[in-house]
Amino acid sequence: MKETNGIPVSLRQVTVIRDGARQETVVLEADGMYYIKGKAGYLQFEEENELGRVKTTVKIAPEEVAVIRSGAVEMRQTFRRRQETPGHYGTAFGRWALAAKTSAMEFHYDEQRKKGRLFLSYELTLGDERSGRHTLTLTFKGV
């Protein structure tokens, strides 16, 4: 990977949460930036939700993915294939411990087409409560 100053991208993040018979799908579309530094790729974008403005950075390295959110939501979660990793999630209403047990982690980036796809599958625990099986698919392309 060669280092880049960043390219503007449009992205689509689809999160599916399954807990027993219940399933919820959350879709986010945003514009952002993708850049490469060293062996890691970085996606940065902002969203507006019911709590306010949130800036998200997704660091994609060969052995791990880190999701860092700041603003109305403060969150940090690292994902490593076949490992359980600690994290945290906080809002104005409180702060909670997270743990993600990642079963699948795939990333592909086509430098010619300026397109990428990140896929994560993990079991999430919030505090002491299991929050179900999550899959996150983040696709992006240069604009």
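1. Structural notes on the nonpolar core
Part 1 of the argument: Formed by 27 residues in total, the largest nonpolar core has its most connected members in Leu43, Val58, Val65, Phe79, Leu118, Leu120 and Leu138.
Part 2 of the argument: Ignoring anything within four residues of it in the chain, the contact list for Phe79 reads Glu63, Glu64, Val65, Val67, Thr85, Ala100, Thr102, Met105, Leu120 and Tyr122.

2. Notes on the sheet that holds strand β6 (residues 74-79)
Part 1 of the argument: Around the barrel, which closes on itself, the 10 strands sit in the order β1-β2-β3-β4-β5-β6-β7-β8-β9-β10 with antiparallel pairing between neighbours. The sheet shows a mean angle of 25° between the axes of neighbouring strands, taken without regard to direction.
Part 2 of the argument: Bridge analysis of strand β1 (residues 7-19) against strand β2 (residues 22-37) gives 13 bridges, and the strand direction is antiparallel. Each residue of the ladder has a partner; that of Thr15, found in β2, is Val26.

3. Re the environment of Tyr34
Part 1 of the argument: Turning to its location among the elements, Tyr34 is positioned in strand β2.
Part 2 of the argument: With 105 residues separating them in the primary sequence, Tyr34 and Thr139 have C-alpha atoms 11 Å apart.

4. So, the pairing of strand β9 (residues 115-126)
Part 1 of the argument: Direction of pairing for strand β8 (residues 94-110) relative to β9: antiparallel, over a ladder of 12 bridges. Within the sheet, the bridge partner assigned to His108 lies in β9 and is Arg117.
Part 2 of the argument: Taking the residues between adjacent antiparallel strands as the criterion, β8 and β9 are bridged by 4 residues, where Lys114 takes a positive phi near 55°.
Part 3 of the argument: By the bridge criterion, 11 bridges tie β9 to strand β10 (residues 129-142) in an arrangement that is antiparallel.

5. Let's talk about the packing of aromatic side chains
Part 1 of the argument: Using the criterion set out here, one finds 7 aromatic pairs in the structure.
Part 2 of the argument: When the ring of Tyr34 is compared with that of Tyr109, the centres are 4.7 Å apart and the planes differ by 45°; the resulting orientation is tilted. Taken together, the residues span a long stretch of sequence, with Tyr34 in strand β2 and Tyr109 in strand β8 at a distance of 75 residues.
Part 3 of the argument: Judged by its relative accessible area of 1%, Tyr34 falls in the buried class.
Part 4 of the argument: Take Tyr109: its relative accessible area is 23%, and that puts it in the partly exposed class.
Part 5 of the argument: Ring plane angle 50° and centroid distance 4.7 Å describe the contact between Phe79 and Tyr122, whose orientation is recorded as tilted. Taken as a pair, Phe79 in strand β6 and Tyr122 in strand β9 lie far apart in primary sequence, 43 residues in all. Comparing Phe79 with Tyr122, the two get one shared label, buried.
Part 6 of the argument: Following the ring pairs from residue to residue traces out a cluster consisting of Tyr34, Phe107, Tyr109 and Phe140.

Criteria and thresholds
- Residues numbered from 1 in each chain as written.
- Predicted model: local features only at pLDDT ≥ 70, side-chain atom pairs only at ≥ 80, totals over all residues.
- Heavy atoms only, no water.
- Core = buried A, V, L, I, M, F, W, Y, C linked by side-chain atoms within 4.5 Å.
- Buried < 20%, exposed > 50% of the residue type's maximum accessible area, 1.4 Å probe, protein only.
- Contact = heavy atoms within 4.5 Å.
- Pairing = 2+ DSSP bridges.
- Helix = DSSP H or I, 4+ residues; strand = E, 2+ residues; numbered from the N terminus.
- Axes fitted to C-alpha atoms, helices over the stretch in contact; angles between N-to-C directions.
- Phe/Tyr/Trp six-rings, centres within 6.5 Å; stacked < 30°, edge-to-face > 60°.

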